[in-house]
Amino acid sequence: ETGVTQTPRHLVMGMTNKKSLKCEQHLGHNAMYWYKQSAKKPLELMFVYNFKEQTENNSVPSRFSPECPNSSHLFLHLHTLQPEDSALYLCASSPAVTDGVLYEQYFGPGTRLTVT
Amino acid sequence: DAKTTQPTSMDCAEGRAANLPCNHSTISGNEYVYWYRQIHSQGPQYIIHGLKNNETNEMASLIITEDRKSSTLILPHATLRDTAVYYCIVRVGETSGSRLTFGEGTQLTVNP
C-alpha cells in the first residue's frame with residue numbers, strides 16, 4: 001500500500017466510448033503524474049501536475065485529457081481511443097516539483113486498459 | 001538525462017545477495033542515480049538513490065564507483081518477493097525534478 005489508489009483497476013472500452021480513470025493520493029503530496037506502460041515498452045511519462053497546475057505534457061494526443069481538481073485527485077479522461085492505446089496507466093505522486101530538488105515518486109497499482 | 005545500461009535478466013538464490021549492475025558512463029556531475037522496482041502487475045516502487053557516496057536503507061544498498069560511471073544495487077538477503085523488474089535511472093538534480101525516464105530494466109528472478 002503506497003498511499004496512491006487508482007480506479008478502476010481494469011477497464012475495457014470501445015473506440016467510441018468515453019471513460020475516465022481516477023487517481024487519489026493520501027500522502028499530502030502536491031505533484032501528481034500520469035504514466036503509460038505499453039507491453040514490451042518502457043514506462044512513458046504523459047502529464048505532470050504541480051499544485052493543480054499542469055507543468056508537463058509529453059506530446060500526448062488530445063484523446064487523453066487530464067484533470068486535476070485538487071492536489072489529492074487526478075483524472076484521465078479518455079475518448080475515441082485506438083487499440084494501440086491499450087496499456088497499463090499508472091498514476092504517481094510526489095511532495096512537489098521543485099527546481100533543484102528531487103523527490104521520489106510513489107506509484108499507484110495502475111489501471112489495465114483494453115481498447116477494443 | 002544520461003542513458004543507462006542494465007542486463008536484461010538475472011537469477012538469484014533465495015537468501016543470497018542479489019547484485020544488480022548498472023552502467024551510466026555518460027553521467028554528469030549533477031545527475032543522481034535512482035533505483036525503482038516493479039513487481040508484476042503493480043506500480044513501480046522507489047528503492048534508493050545516491051549521488052557520489054554509497055547509500056544504504058532498509059531495502060537495499062547502493063554502491064557507486066568513484067568515477068560514477070557505474071553502480072550496483074545490492075539486496076543483501078533476497079526473498080521470493082524481491083522478484084521484479086529493477087530500473088536504474090539517472091536524474092538531473094538542478095532542473096525540474098519531475099522527469100523519471102525508465103529504461104528496459106533488469107528482470108530479477110529469485111529462486112527457492
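The structure we're discussing is the one just above.
These notes cover the structure that comes with them. Model, not experiment: these values are computed from the prediction.

The helix and strand tally for chain B stands at zero helices and nine strands. Ordered by position from the N terminus, the helices and strands of chain B form the series β-β-β-β-β-β-β-β-β. In terms of overall size, chain B behaves like a compact globule, its C-alpha atoms giving a radius of gyration of 13 Å where 112 residues would be expected to give roughly 13 Å. Expressed as a percentage of its 112 residues, the buried residues of chain B come to 46%. Residue pairs in contact within chain B that sit at least 24 positions apart in sequence constitute 58% of those at least 6 positions apart. For chain B, the accessible area works out to roughly 5,600 Å², and carbon and sulfur atoms hold 48% of it. Averaging the positions of the 9 positive and the 11 negative side-chain charges in chain B gives two centres separated by 2 Å.

This part covers the nonpolar core. A:W34, A:F64, A:L76 and A:L78 are the most contacted members of the largest nonpolar core, which totals 22 residues. For this core, the elements supplying multiple residues, two or more each, are strand 2 (10–13), strand 3 (18–25), strand 4 (31–37), strand 5 (44–50), strand 7 (64–70), strand 8 (73–79), strand 9 (87–94) and strand 11 (111–115) of chain A. Counting residues in hydrophobic clusters, the runner-up holds 21 residues, among them B:V33, B:W35, B:A84 and B:L108.

On to the sheet that holds strand 2 (residues 18–23) of chain B, then. Taken together, the four strands give an open sheet; going across it, the order is 2-7-6-5 (chain B), and neighbouring strands pair in antiparallel fashion. One side of each edge strand has no neighbouring strand; the edge strands of this open sheet are strand 2 and strand 5 (55–56) of chain B.

To continue, consider the pattern of salt bridges. Residue and element names in this part refer to chain B. Applying the stated criterion across every chain, the model contains three salt bridges over all chains. Its salt-bridge partner being R37, residue D82 comes within 2.8 Å of it at the nearest N-O pair. Note that D82 is positioned in the loop between strand 7 (70–75) and strand 8 (84–92) and R37 in strand 3 (residues 31–38), a separation of 45 residues in sequence. A relative accessible area of 12% means that D82 is categorised as buried.

Another aspect to go through is the environment of A:P95. Residues and elements named next belong to chain A. In this structure, P95 sits in the loop between strand 9 and strand 10 (106–107). Taking relative accessible area as the criterion, P95 reaches 26% and is therefore assigned partly exposed. Every residue in contact with P95, bar those within four places of it in the chain, is listed here: H29, N30, A31, Y103 and E104.

Right, let's talk about the side chain of B:R37 for a bit. All names here are of chain B. You can call R37 buried: its relative accessible area is 10%. Side chain to side chain, R37 and D82 meet in a polar contact 2.8 Å long. Here the side chain of R37 touches Y86 through a polar contact of 3.0 Å, side chain to side chain.

As a further point, take unusual backbone geometry. Looking along the chain, the bond that leaves A:T7 and enters A:P8 is cis, with omega of -10 degrees. Relative to the helices and strands, A:P8 resides in the loop between strand 1 (4–7) and strand 2. At B:R68, a position not held by glycine, the phi torsion is positive, near 65 degrees. Tracing the chain through its elements places B:R68 in the loop between strand 6 (61–64) and strand 7.

Time to look at the sheet that holds strand 8 of chain A. Residue and element names in this part refer to chain A. Across the sheet, which stays open at both edges, the four strands sit in the order 1-3-8-7 with antiparallel pairing between neighbours. Of all strands in the sheet, those with a lone pairing partner are strand 1 and strand 7, marking the two edges. Adjacent strand axes in the sheet meet at a mean angle of 20 degrees when their direction is disregarded. Note: strand 7 against strand 8, five bridges, orientation antiparallel. Among the inter-strand pairings, S65 is bridged to a residue of strand 8, identified as H77.

Moving on, we come to the pairing of strand 8 of chain A. Residue and element names in this part refer to chain A. In this sheet, strand 8 lies alongside strand 3 in antiparallel orientation, the contact comprising seven bridges. Its bridge partner being in strand 8, K19 is matched across the sheet by L78. Hairpin connection of strand 7 to strand 8: two residues between the antiparallel strands.

What counts and what doesn't
Residues numbered from 1 in each chain as written. Chains lettered and ligands numbered in written order. Predicted model: local features only at pLDDT ≥ 70, side-chain atom pairs only at ≥ 80, totals over all residues. Heavy atoms only, no water. Helix = DSSP H or I, 4+ residues; strand = E, 2+ residues; numbered from the N terminus. Rg over C-alpha atoms; globule rule 2.2 N^0.38 Å. Buried < 20%, exposed > 50% of the residue type's maximum accessible area, 1.4 Å probe, protein only. Contact = heavy atoms within 4.5 Å. Areas by Shrake-Rupley, 256 points an atom, 1.4 Å probe, with all protein chains shown as cover. Lys, Arg positive; Asp, Glu negative; His and termini not counted. Charge placed at Lys NZ, Arg CZ, Asp CG, Glu CD. Core = buried A, V, L, I, M, F, W, Y, C linked by side-chain atoms within 4.5 Å. Pairing = 2+ DSSP bridges. Salt bridge = Lys/Arg side-chain N within 4 Å of Asp/Glu carboxyl O. Polar contact = N/O pair within 3.5 Å; in protein donor to acceptor, adjacent residues only side chain to side chain. Axes fitted to C-alpha atoms, helices over the stretch in contact; angles between N-to-C directions.

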